[in-house]
Amino acid sequence: MPTTQPQPRIVVEHVSKWFNKRSTRSMKDAFINIIRRRAVRATQFQALDDVSFTIGEGESVAVMGLNGSGKSTTLKLVSGVLEPDEGRVFTRGKVAGLIEVGAGFHPDLTGRENVFLNAAILGMSEKETRARFDEIVAFSEIGDFIDQEVKHYSSGMFMRLAFSVAIHVELDVLLVDEVLAVGDAPFRAKCNAKLKELAAQGVTMMVVSHSKGQVKQLCTRGIVIRKGRVVFDGPIAEALEVLETQ
Amino acid sequence: MTQIDYSAFDIPGRSRGILDVFRYRYLLRLLIGKSTSLRYRNSVLGWFWSYVRPTVQFLVYYLVVGQILQLHKQVPFFPLYLFSGLVLVNLFNETLADATRSIVANKALVRKIYMPRELFPLAAIVGAFTHFLPQLAVLLFVSLLFGWLPSLLSVGLVLAGILLVVAFVVGLGLFFSAVNVRFRDASNVVEIIRTVATWSVPILYTWSMVYERATEFPWLFHLYMSNPLAVAVELFHHAFWGSIPGVLAEDPAPANLGWPPEFGWYVAASLGVIVFALVIGQFVFRRAERTFAQDL
């Protein structure tokens, strides 16, 4: 009776990804390379090599690895920003990312305009945004500055507002990438509490982080990636040990 | 192992192309609002510039082509003839330039968050389109001064002309915005297209002048008139300038130009060109879209 079992939220099947180390930056370069019979699409290097995993509903999974191991690439494949060269990625439900919070913010727009714009970018409707607007502002502790242009914000205020928008999006799967180095200690604690609350509500989470403390608090399972390959997939405590021994 | 029912899943990063825009119209609206409200941020005169630029351009052409080159002797109401074509060429030039820049200008978003990327060129086109409306208003006003009376036919011709230009730019814009991600040369190519566009359509001369010069090479004229922009300009000419009977000093008969011969075929040909541009534009865009995030 397979259909009665809960379906996973994220399925990554035998995914490989190559990046080009491009040698051409203009049509002129490309043309010259064609004439000289040099490769136009220069050398490639493999960022991910046959990565497979499944994340079930309500699971909180940390993806760990050293810099350049391919963990952010994995996250981008799940979010749809990148496409796999081989293999397949599937997601179920609404996926949104806390991927580099603030990417959609424009310094010349006011805080209020930015909230609406970014909520829409993350997939919220106008009605949902209106309903949650006060909550978003309250969480960010921005107060009266909400009608100021964002360029007048301090960097802390900026990140708090951006994070607040992202975390209030109605979603089934949350992708978290290195964002929690945000703000001061009290705000970080508040963010972690909010993430835990979301996890308790059954939101599936995929976290990329270097912070062991945070990962231990938030996640139950860890996937360790080394040079584009999955080297460990299991309980978080063991995953952290594997990471240490690298 | 759980049996996976793939039908319940989405493949991240796959869109239905330009049709997805309807599903994301709220986001599209916000993106358009962003570009229009940012355009004249930190400028004292603001939207006034949307009137100043075409006015200066109009005056220059009017003085040089109308007065110095004496075109107003051959074309009655030359200012109206010029302006009704010029607004459409401006529409083409502005929308195409903004669309081409759109993906690169939204780099931060394209690299980090997935949404149908067609939204960016389309938002840019609609955003630039809003600057065409004040010009259209001025054109209507000037036409009324010349004694023009609006009719159902002229409204239809105006809408058809706008539609042709916008549809053409959507195709071209998709193509060039995608190419521009890998090869920034695309923006230079577009720059050339824009320069040529102004002179490739009958606004600073009339189609009959081209027709006379090209009698030995009729295909040249066919080619010339198959340009969607040229067809749209003629539609505009007939909507405004052509509906006022104009008389020249030396000849009492009305001197307004009729439609170019076999105009129906040119309309059909330009529709063909537009469909071709849309199909190629969308195809190239979708191919290139896969690597946007890593090429930016």
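Residues numbered from 1 in each chain as written. Chains lettered and ligands numbered in written order. Predicted model: local features only at pLDDT ≥ 70, side-chain atom pairs only at ≥ 80, totals over all residues.

### Examining the overall build of chain A
Piece 1. For chain A, the helix and strand inventory stands at 8 helices and 9 strands.
Piece 2. Residue pairs in contact within chain A that sit at least 24 positions apart in sequence constitute 72% of those at least 6 positions apart. (Helix = DSSP H or I, 4+ residues; strand = E, 2+ residues; numbered from the N terminus. Contact = placed C-beta atoms within 7 Å.)

### Details of the domain arrangement of chain A
All names here are of chain A.
Piece 1. For chain A, the domain assignment lists domain 1 (1–11 + 55–93 + 172–246) and domain 2 (104–171).
Piece 2. Taken together, the contact between domain 1 and domain 2 spans 11 residues of the former and 6 residues of the latter.
Piece 3. Secondary structure elements with two or more residues in the side of domain 1 that touches domain 2: β6 (173–177) and α6 (185–200).
Piece 4. Examining the composition of the side of domain 1 that touches domain 2, we find that 3 residues originate from one element, α6, more than from any other.
Piece 5. Tallied by class, the residues present in the side of domain 1 that touches domain 2 amount to 7 nonpolar, 1 polar and 3 charged. (Domains from an automatic or database assignment. Nonpolar A, V, L, I, M, F, W, Y, C, P; charged D, E, K, R; others polar.)

### Some points on the sheet that holds strand β4 (residues 86–91) of chain A
Residue and element names in this part refer to chain A.
Piece 1. Spatially, β2-β1-β4 is the arrangement adopted by the 3 strands of the open sheet, whose pairing is antiparallel. Edge strands, defined here as strands with exactly one partner in the open sheet, are β2 (44–55) and β4. Pairwise comparison of adjacent strand axes, ignoring direction, gives a mean angle of 25° for this sheet.
Piece 2. Where strand β1 (residues 10–20) meets β2, 8 bridges bridge the pair, whose relative direction is antiparallel. By the bridge assignment for β2, Phe19 is matched with Phe45. (Pairing = 2+ DSSP bridges. Axes fitted to C-alpha atoms, helices over the stretch in contact; angles between N-to-C directions.)

### Quick word on the environment of A:Glu113
Residue and element names in this part refer to chain A.
Piece 1. Looking at where Glu113 falls in the secondary structure, it is placed in helix α3 (residues 111–121).
Piece 2. C-beta crowding within 10 Å serves as the criterion here: with 21 such atoms nearby, Glu113 is assigned to the buried category.
Piece 3. Counting along the chain gives 14 residues from Glu113 to Lys127, while the straight-line C-alpha distance between them is 15 Å. (Buried ≥ 20, exposed ≤ 12 C-beta atoms within 10 Å, placed from the backbone.)

### Details of the interface of chain A and chain B
Piece 1. At the interface, 35 residues of chain A touch 30 residues of chain B.
Piece 2. Per-element tally for the side of chain A that touches chain B: the top contributor is α3(A), with 4 residues.
Piece 3. Of the residues contributing to the side of chain A that touches chain B, the split by class is 18 nonpolar, 11 polar and 6 charged.

### Side note on the environment of B:Gly173
Residues and elements named next belong to chain B.
Piece 1. For Gly173, the location among the structural elements is in helix α7 (residues 152–182).
Piece 2. Each C-alpha atom, one on Gly173 and one on Leu278, is 9.2 Å from the other, the two residues being 105 residues apart in sequence.
Piece 3. Leave out the neighbours within four places in its chain, and Gly173 touches Thr95, Leu96, Ala99, Thr100, Pro121 and Ile125.

### Focus on the confidence of the model for chain A
Should pLDDT be low for a region, the predicted coordinates there are not to be read in detail.
Piece 1. Taken as a whole, chain A shows an average pLDDT of 83; of its residues, 89% reach a score of 70 or greater.
Piece 2. Confidence, read as mean pLDDT per element, is least for helix α1 (residues 27–35) of chain A in chain A (75) and greatest for helix α4 (residues 126–140) of chain A (91). (pLDDT = per-residue confidence, 0-100.)

### Things to note about the pairing of strand β7 (residues 204–208) of chain A
For a regular strand, the rule is simple: side chains alternate between the two faces of the sheet.
Residues and elements named next belong to chain A.
Piece 1. The buried fraction of β7 amounts to 5 of the 5 residues, a majority that puts the element mostly inside the structure.
Piece 2. Covered by surrounding structure in β7 are Thr204, Met206 and Val208 together with Met205 and Val207, the residues of both alternating faces.
Piece 3. Judged from the 4 bridges that link them, strand β3 (residues 60–64) and β7 form a sheet pairing that is parallel. Residue pairing for β7: Ser60 is matched across the bridge by Met205.
Piece 4. Bridging between β6 and β7 involves 5 bridges; their strand directions are parallel. Pairing of Leu174 across the sheet is with Met205, part of β7.

### Some words on helix α2 (residues 71–79) of chain A
In an α-helix there are 3.6 residues to a turn, and that puts residues three or four apart on one side.
Piece 1. Within α2(A), 8 of the 9 residues are buried, which leaves it mostly tucked inside the rest of the structure.
Piece 2. Inspection of α2(A) places A:Lys71, A:Thr73, A:Thr74, A:Leu75, A:Lys76, A:Leu77, A:Val78 and A:Ser79 among the buried residues, and these make up the whole buried set.

### Overview of the nonpolar core
Piece 1. By size, the foremost hydrophobic cluster in this structure holds 145 residues, and its most contacted members are A:Val63, A:Met206 and A:Val207.
Piece 2. Of the residues forming this core, the biggest block, 15 residues, is contributed by helix α3 (residues 78–105) of chain B.
Piece 3. Viewed by domain, this core spans two of them, domain 1 (1–11 + 55–93 + 172–246) and domain 2 (104–171) of chain A, each represented by three or more residues. (Core = buried A, V, L, I, M, F, W, Y, C linked by C-beta atoms within 7 Å.)

### Comments concerning the confidence of the model for chain B
Piece 1. Mean pLDDT over chain B stands at 87; residues scoring 70 or higher make up 95%.
Piece 2. This prediction of the complex comes with two scores: 0.86 for pTM and 0.81 for ipTM.

### Structural notes on unusual backbone geometry
Residues and elements named next belong to chain A.
Piece 1. Positioned with a positive phi, Asp50 is a non-glycine residue whose angle comes to about 50°.
Piece 2. As for its placement among the helices and strands, Asp50 is situated in strand β2.
Piece 3. Overall, Asp50 belongs to the partly exposed group, with 14 C-beta atoms counted inside 10 Å.

### Looking at the pairing of β6(A)
Piece 1. The buried fraction of β6(A) is high, at 5 of 5 residues.
Piece 2. Residues A:Val173, A:Leu175 and A:Asp177 line one face of β6(A) and the alternating positions A:Leu174 and A:Val176 line the opposite face, and both faces are buried.

### Description of the packing of α7(B) against helix α12 (residues 263–289) of chain B
All names here are of chain B.
Piece 1. One way to put it is that α7 packs onto α12 with a least axis distance of 8 Å and a crossing angle of 30°. What the angle tells us is that α7 and α12 run roughly parallel. α7 and α12 meet at a crossing whose hand is left-handed. Across the interface between the two elements, Leu164, Ala167, Phe168, Val170, Gly171, Leu172, Leu174, Phe175, Ala178 and Val181 of α7 pack against Ser270, Ile274, Ala277, Leu278, Ile280, Gly281, Gln282, Val284, Phe285, Ala288 and Glu289 of α12.
Piece 2. Of the residues contributing to the contact of α7 with α12, the split by class is 16 nonpolar, 4 polar and 1 charged. (Parallel < 35°, antiparallel > 145°, perpendicular 65-115°, else oblique. Left-handed = near helix turned anticlockwise from the far one by under 90°.)

### Section: helix α1 (residues 25–39) of chain B
Piece 1. Taking 1.5 Å per residue, 15 residues should reach 21 Å; α1(B) reaches 21 Å between its end C-alpha atoms and fits that length.
Piece 2. When α1(B) is considered as a whole, its buried residues turn out to be B:Leu27, B:Leu28, B:Leu30, B:Leu31, B:Ile32, B:Lys34 and B:Ser35.
Piece 3. Summarising the contacts, the buried residues of α1(B) are in contact with α3 of chain A together with α5 (119–129) of chain B. (Expected span 1.5 Å × (residues − 1).)

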